[in-house]
Amino acid sequence: MKVGVISDTHGCVQTWRQIYPAYLYDADLIIHAGDVLYHGPRNAIPAEYNPRELAQELNACKTPLVVVKGNCDAEVDQMLLDMPLTESSLLYLNGLRIFVRHGHDLATGQAAALVHRYKPDIFITGHTHVPVLQRNAGTLLLNPGSPAMSKREDGEGSLALIEDNVVKIFAAASGKALYELPLPARLEGYAGDRRE
């Protein structure tokens, strides 16, 4: 199974048109960690900003999308999108337990409480526009960054893929792998309920 993970597209339709055919066209699922259409009041309006066209592209996407609501997503955005914007999502995919939340409203203690409660193998957030991939006990913490409005030092956008028992974050324009971690060994060859 191949899962694409993106966040913080902020209405940037040209970026979507570049990353979808390059990375996501053959994914079984795309997870979007929020801030889908609106550029946000603290950000400059990008030249490619066209939330209506991005909504049309996402609605027409042949790959299933799971989308959580970011701090810049509003009711009017939901009116344009065919898929629901949820506060958080808990997914079970090929033995993986994946928890997704935008993260703007999570203090350190709240994030830890969610990890304790849901025991995800992968905890996905967005919001910061900076990619993160690290292991914390048995959970991989994944923030794919933003493909459109990156806050990385070099300014290049990023996204992630979960595939072949590995999570990788890529620089969107160059395709360079930025970070890579294997899934927990207990999940390789998963055939049943591994939770005690």
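Everything discussed here concerns the structure shown above.
Below or above, wherever it landed, is the structure these notes cover. (Residues numbered from 1 in each chain as written. Predicted model: local features only at pLDDT ≥ 70, side-chain atom pairs only at ≥ 80, totals over all residues. Heavy atoms only, no water.)

**Points about the overall build of the protein**
Selection criterion: Where helices and strands are cited, they refer to DSSP runs of H or I of at least four residues and of E of at least two residues respectively, numbered from the N terminus. Within these notes, the globule rule equals 2.2 Å times the number of residues to the 0.38 power, and the radius of gyration is based on C-alpha atoms. Categorising residues by exposure relies on relative accessible area from a 1.4 Å probe, with only protein chains included: less than 20% of the type maximum marks a residue as buried, more than 50% marks it as exposed, and the intermediate range marks it as partly exposed. In what follows, residue pairs with any heavy atoms lying within 4.5 Å of each other are defined as contacts. To measure how exposed things are, a 1.4 Å probe is used in the Shrake-Rupley method; for residues, cover is taken only from the protein chains shown.
A tally of regular secondary structure across the protein gives four helices and 12 strands. Here the protein has a C-alpha radius of gyration of 16 Å; the compact-globule value for 196 residues is 16 Å, and the two agree. For the C-alpha atoms alone, the extent of the protein along its principal axes is close to 50 × 35 × 30 Å. A buried classification covers 50% of the 196 residues belonging to the protein. A sequence separation of at least 24 residues applies to 59% of the contacts in the protein between residues at least 6 apart. Total accessible area on the protein is roughly 9,500 Å²; 50% of this is exposed by carbon and sulfur atoms.

**What to know about the pairing of strand β1 (residues 3-6)**
Our working rule: The criterion for strand pairing is that DSSP finds at least two bridges linking the strands in question. If the strands point away from the viewer and the path from the first strand over the helix to the second runs clockwise, then the crossover is right-handed.
Neither face of β1 is exposed, since V3 and V5 on one face and G4 and I6 on the opposite face are all buried. Both β1 and strand β2 (residues 29-32) contribute to a ladder of four bridges, which runs parallel. Residue pairing across strands places I6 opposite H32, the latter belonging to β2. In terms of handedness, the path from β1 via helix α1 (residues 13-24) over to β2 forms a crossover that is right-handed. The pairing of β1 with strand β10 (residues 158-163) spans three bridges and is antiparallel. The residue of β10 that forms the bridge with G4 is L161.

**Structural notes on the packing of aromatic side chains**
Filter applied, for reference: Between the rings of Phe, Tyr and Trp (Trp by its six-membered ring), a pair exists once the centres lie within 6.5 Å; its type follows the angle of the planes, with under 30 degrees stacked, over 60 edge-to-face, and the other angles tilted.
One pass over the full model with this rule turns up four aromatic pairs. Arranged with centres 5.8 Å apart and planes meeting at 35°, the rings of Y23 and F170 form a pair that is tilted. Residue Y23 is located in helix α1, and its partner F170 is located in strand β11 (residues 166-171); the two are separated by 147 residues in the primary sequence.

**Details of the sheet that holds β1**
Ordered in space as β4-β3-β2-β1-β10-β11-β12, the seven strands form an open sheet in which the pairing is mixed. Looking at the sheet topology across the chains shown, the edges are occupied by β4 (85-86) and β12 (177-182). Across three bridges, the pairing between β2 and strand β3 (residues 65-68) is parallel. Across the sheet, H32 pairs through a bridge with V67, a residue of β3.

These figures come from the coordinates and say nothing about function on their own.
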